[in-house]
Amino acid sequence: MAQRPTDDTNAKQKPLATFRCGKVKLAVWSNERTRQADGATVTTYNFTLTKSFKRDKDSSDWEEQKMSLFPDEAWQVQQVLAEAQREFCVRRDG
């Protein structure tokens, strides 16, 4: 688990967890906020999905594309990726 930032306001927040598969990485972030309805402090989470790539195959420089998701959107992404994979990957193999 990542360490929480210190009291130093310049400390950079680190993700709670990261998951990697090839050129794709998912980072899990947490944020504490005060709920307006009752003033309670709650922790919310979000995901950052990152794809690393080289624009030019001869380049040594990596670039990244990022997309942020709320946890309840992750299953939706999973579903559409699975559907696309079934439709196009299975079709090519079969």
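This text follows the structure it describes.
Residues numbered from 1 in each chain as written. Predicted model: local features only at pLDDT ≥ 70, side-chain atom pairs only at ≥ 80, totals over all residues. Heavy atoms only, no water.

Undergrad: Could you clarify how one ought to interpret the overall build of the protein in this entry?
TA: What the protein contains, in helices and strands, is one helix and four strands. When the helices and strands of the protein are listed from N to C terminus, the series reads β-β-β-β-α. The buried share among the 94 residues of the protein stands at 13%. Summarising the internal contacts of the protein: among those between residues at least 6 apart in sequence, 16% fall at separations of at least 24. A total accessible area of about 8,300 Å² is found for the protein, and carbon and sulfur atoms account for 49% of it. (Helix = DSSP H or I, 4+ residues; strand = E, 2+ residues; numbered from the N terminus. Buried < 20%, exposed > 50% of the residue type's maximum accessible area, 1.4 Å probe, protein only. Contact = heavy atoms within 4.5 Å. Areas by Shrake-Rupley, 256 points an atom, 1.4 Å probe, with all protein chains shown as cover.)

Undergrad: Could you clarify how one ought to interpret the sheet that holds strand β2 (residues 24-34) in this entry?
TA: Across a sheet, strands are paired by hydrogen bonds formed along the backbone, either parallel or antiparallel in direction. Pairing is antiparallel in the open sheet, where four strands are placed in the order β1-β2-β3-β4. A single partner strand is all that each edge strand has here, and the edge strands are β1 (17-21) and β4 (63-69). If you compare each strand with its neighbour and ignore which way they point, the axes differ by 25° on average. Bridging between strand β3 (residues 41-53) and β4 involves seven bridges; their strand directions are antiparallel. (Pairing = 2+ DSSP bridges. Axes fitted to C-alpha atoms, helices over the stretch in contact; angles between N-to-C directions.)

Undergrad: Quick question: what am I supposed to make of the side chain of T48 here?
TA: Turning to its location among the elements, T48 is positioned in strand β3. On the accessibility criterion, T48 (13% relative accessible area) is buried. Separated by 3.2 Å, the side chains of T48 and W29 make a polar contact. Here T48 is in contact with K25, L26, A27, W29, K66, M67 and S68, once residues within four sequence places are set aside. (Polar contact = N/O pair within 3.5 Å; in protein donor to acceptor, adjacent residues only side chain to side chain.)

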